[in-house]
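Chain by chain, the residues:
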Amino acid sequence: MIILGLAVLSAAVCIFSLGVGLWVICTHFLTANIPAAISHPVKLRVLHCILLLLMTWGKIFEKLRICSMPEFIRFMHDLKPLKTDPDIVVTDLHFGTVPVKLYQPKSSLCTPRPGIVFFHGGGGVMGSLKTHHGICCCLSKESDSVVLSVGYRQVPKGKFPGPLRDCIVATTHFLKSLNAYGVDPTRVVLCGDSVGGSIAAVICQQFVDRADLPRIRAQILIYSAFQAMDFQLPSFQQNAEVPLVQWSLLFYCFASFLDFSPSWEDAIRKNAHLPASVWEKYRKWLGPENIPERFKKRGYRPVPPAPLNEDAYLETNLLLDPRCSPLIAEDHVISRLPEACIVSCEFDIIRDHSLLYKKRLEDLGVPVTWCHLEDGFHGVFNTLDMGWLHFPSSRKIMNVLVRFIKGL
């Protein structure tokens, strides 16, 4: 009887699993909004369905109180075995309590190498040292640099500002130990994709007055979030339903990472979470007039902020902290930042963050190297080592990064 019961249970689990998979495929694979300009649309549909399937199972496990959705997603994507490169030595370390991976080229040099501190993306919800292992390995090899990848805390245990503190700790430790790793103190770069790029930008801002540390030489910011205030910019209207990062996932990451109630989604999307005085103060940097006209041609229409929701403002006003919105840091901070390499993607919901930050830097005399991918989408860089699911845009990004680093 016990064997029969287990067999029935196993069959039920298999049927349920198959049902969940079919539901995701039927609901999203054929209906996903894939812009015509994106090359390899079938690949993007597959990636989109894999992500949604992981999220669906994560929600089921969360409802069953087995684990949170982010923990399930990270567990699953970290199951993939890591590839090794005979030319790169990879060392797992801890700087204090912060786990890091150190990537060093095996070939010997008489002179110190550039050093890159890399912060992975994932919205503070997904992503890990493992998901970005291939990127860091390739970056170290092709730019002949020492790369330090930082494994900061993530939700549900690590919420703002905890992850930022972890990254500051790791960066500080690295900058104080450059000789031990053969790094040139005049060529240290902070780099990150998505939320990792946001962290890199914030740390660059916070370190402008750190006379006790080597000065950061440059910052590499790959489709990063630079403000958490205006959610009606052209790219939000144009790309809200474009995979991989759609509005629903973006807001989930924002709310989870910054630890405010998801009940404010409607108010935030309508820009009803900030008073008129705030919009007036920051319009000079946030206004859509700062975005080139060619990025407004795909159906954008200006939408004024909805009437203020006082309760939403009281709970979400931490969004005005420059550590959440580095775009609104003061001029005397921005003007002293190191030169930047900014990567943006046409079909990214937060594309305009990069455009606004680029203009802010350039207006204050900070040199910017800009790469815009006309067929790119948020998360495309992660496909660099995904085999059949690789997108050519990921290789373009890596080539831009390598050229930029070698030119420092």
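This write-up is about the structure you can find in this document. Worth saying up front: this structure is predicted, and the values here are computed from it rather than measured.

**Some points on the overall build of the chain**
Looking only at helices and strands, the chain has 14 helices and 8 strands in total. Taken over the C-alpha atoms alone, the chain extends approximately 70 × 55 × 40 Å along its principal axes. Put simply, of all contacts in the chain between residues at least 6 apart along the chain, 77% involve residues at least 24 apart. In the structure as shown, the chain presents an accessible area of about 17700 Å², 61% of it carried by carbon and sulfur atoms. Charge-centre separation for the chain: the mean point of 42 positive side chains lies 4 Å from the mean point of 36 negative side chains.

**What to know about the nonpolar core**
Nonpolar side chains in soluble globular proteins generally cluster together in the buried interior. Core analysis: the largest hydrophobic core is formed by 138 residues, its most contacted members being Phe174 and Tyr357. Once residues lying within four places of it in the same chain are set aside, the contact partners of phenylalanine 174 are Phe95, Leu102, Gly115, Val117, Val146, Leu148, Tyr181 and Val183.

**A few points about the side chain of glutamine 219**
Here glutamine 219 is to be found in strand E6 (residues 218-222). Its relative accessible area of 0% is what places glutamine 219 among the buried residues. Within the structure, glutamine 219 has its side chain in polar contact with the backbone oxygen of proline 338 (distance 3.1 Å). If we ignore the near neighbours within four places in the chain, the residues touching glutamine 219 are Val189, Leu190, Ala201, Cys204, Leu337, Pro338, Glu339, Ala340, Cys341, Leu361 and Phe404.

**A look at the pattern of salt bridges**
For the coordinates displayed, the defined rule picks out 22 salt bridges. Here arginine 113 ties to aspartate 144 by a salt bridge, and the two come within 2.9 Å at their closest N and O atoms. Linking arginine 113 in strand E3 (residues 113-119) with aspartate 144 in the loop between helix H4 (133-143) and strand E4 (146-150), this pair joins segments that are 31 residues apart in sequence. Judged by relative accessible area, which is 9%, arginine 113 ranks as buried. Among the salt bridges present, the one from aspartate 363 reaches lysine 359, with a minimum N-O distance of 2.7 Å. With aspartate 363 and lysine 359 both in helix H13 (residues 351-363), this residue pair falls 4 residues apart, about one helical turn. For aspartate 363, a relative accessible area of 52% gives the class exposed.

**Topic: the environment of leucine 82**
Relative to the assigned elements, leucine 82 resides in the loop between helix H3 (69-77) and strand E1 (88-95). For leucine 82, a relative accessible area of 34% corresponds to the partly exposed category. Taking the C-alpha atoms as reference points, leucine 82 and histidine 132, separated by 50 residues in sequence, lie 9.9 Å from one another. Excluding residues within four positions of it along the chain, leucine 82 makes contact with Lys101, Lys130 and His133.

**Description of the layout of surface pockets**
Where empty space is left can be seen by rolling a probe of water-molecule size over the atoms. Put simply, the second largest pocket is a space of about 420 Å³. Along the wall of the second largest pocket there are 22 residues; nearest its centre are Met55, Lys59, Ser248, Leu249 and Tyr252. Sorting the residues of the lining of the second largest pocket by element identifies helix H1 (2-29), helix H2 (41-63) and helix H8 (247-258) as the ones contributing at least two each. Looking at the lining of the second largest pocket residue by residue, the class counts come to 12 nonpolar, 6 polar and 4 charged.

**Remarks on the packing of helix H5 (residues 162-175) against helix H6 (residues 195-206)**
Put simply, H5 and H6 touch, their axes get as near as 10 Å, and they point 60° apart. Classified by the angle between their axes, H5 and H6 sit oblique to one another. Helix-helix and strand crossings are classified by hand; for H5 and H6 the assignment is right-handed. The segment H5 lies against H6, with Leu164, Cys167, Ile168 and Thr171 engaging Ile199, Val202, Ile203 and Gln206. Considering only residue class, the contact of H5 with H6 consists of 6 nonpolar, 2 polar and no charged.

**Considerations on the packing of aromatic side chains**
The full count for this structure, using the stated rule, is 12 aromatic pairs. Ring centres of tyrosine 282 and tryptophan 285 lie 6.0 Å apart, and the angle between their planes is 40°; on these two criteria the pair is classed as tilted. Separated by 3 residues within a single helix, tyrosine 282 and tryptophan 285 lie in helix H10 (residues 276-286), roughly one turn from each other. Site record: aromatic cluster; members linked through ring pairs are Phe231, Phe236, Trp247, Phe251, Phe254 and Phe260. Residue placement shows lysine 43 over the ring face of tryptophan 388; its charged tip is 5.7 Å from the ring centre. Across the ring face of tryptophan 370, the terminal group of lysine 358 is positioned such that the distance to the ring centre comes to 4.8 Å.

**Topic: the sheet that holds strand E2 (residues 98-105)**
The 8 strands are arranged E1-E2-E4-E3-E5-E6-E7-E8 in an open sheet whose pairing can be described as mixed. Each edge of the sheet is formed by a strand with only one pairing partner; in this case those strands are E1 and strand E8 (368-377). Adjacent strand axes in the sheet meet at a mean angle of 20°, parallel and antiparallel pairs treated alike. Pairing analysis gives 8 bridges linking E1 to E2, with the strands arranged antiparallel. Residue pairing across strands places valine 90 opposite tyrosine 103, the latter belonging to E2. The strands touched by helix H14 (residues 392-406) are E3, strand E5 (183-193), E6, strand E7 (339-347) and E8; relative to E8, the strand with the most contacts, the crossing angle is about 170°.

**A look at H5**
An α-helix turns once every 3.6 residues. As a result, residues three or four positions apart point the same way. End to end, H5 covers 20 Å across 14 residues, agreeing with the expected 20 Å (1.5 Å per residue, within 8%). Counting buried residues in H5 gives 11 out of 14 residues, a clear majority hidden from the surface. All of the buried residues along H5 are Gly162, Pro163, Leu164, Asp166, Cys167, Ile168, Ala170, Thr171, Thr172, Phe174 and Leu175.

**Overview of the environment of leucine 408**
With respect to the element layout, leucine 408 can be found in the segment after H14. Taking the C-alpha atoms as reference points, leucine 408 and threonine 131, 277 residues apart in sequence, are found 27 Å from one another.

Calculation criteria
Residues numbered from 1 in each chain as written. Predicted model: local features only at pLDDT ≥ 70, side-chain atom pairs only at ≥ 80, totals over all residues. Heavy atoms only, no water. Helix = DSSP H or I, 4+ residues; strand = E, 2+ residues; numbered from the N terminus. Contact = heavy atoms within 4.5 Å. Areas by Shrake-Rupley, 256 points an atom, 1.4 Å probe, with all protein chains shown as cover. Lys, Arg positive; Asp, Glu negative; His and termini not counted. Charge placed at Lys NZ, Arg CZ, Asp CG, Glu CD. Core = buried A, V, L, I, M, F, W, Y, C linked by side-chain atoms within 4.5 Å. Buried < 20%, exposed > 50% of the residue type's maximum accessible area, 1.4 Å probe, protein only. Polar contact = N/O pair within 3.5 Å; in protein donor to acceptor, adjacent residues only side chain to side chain. Salt bridge = Lys/Arg side-chain N within 4 Å of Asp/Glu carboxyl O. 1 Å grid on protein atoms, 1.4 Å probe; cavity = no way out; pocket = protein on both sides within 12 Å on 5 of 7 lines; lining within 4 Å. Points joined across faces, edges and corners; volume = space filled by probe spheres on them. Nonpolar A, V, L, I, M, F, W, Y, C, P; charged D, E, K, R; others polar. Axes fitted to C-alpha atoms, helices over the stretch in contact; angles between N-to-C directions. Parallel < 35°, antiparallel > 145°, perpendicular 65-115°, else oblique. Left-handed = near helix turned anticlockwise from the far one by under 90°. Phe/Tyr/Trp six-rings, centres within 6.5 Å; stacked < 30°, edge-to-face > 60°. Lys NZ or Arg CZ within 6 Å of the ring centre and 35° of its normal. Pairing = 2+ DSSP bridges. Expected span 1.5 Å × (residues − 1).

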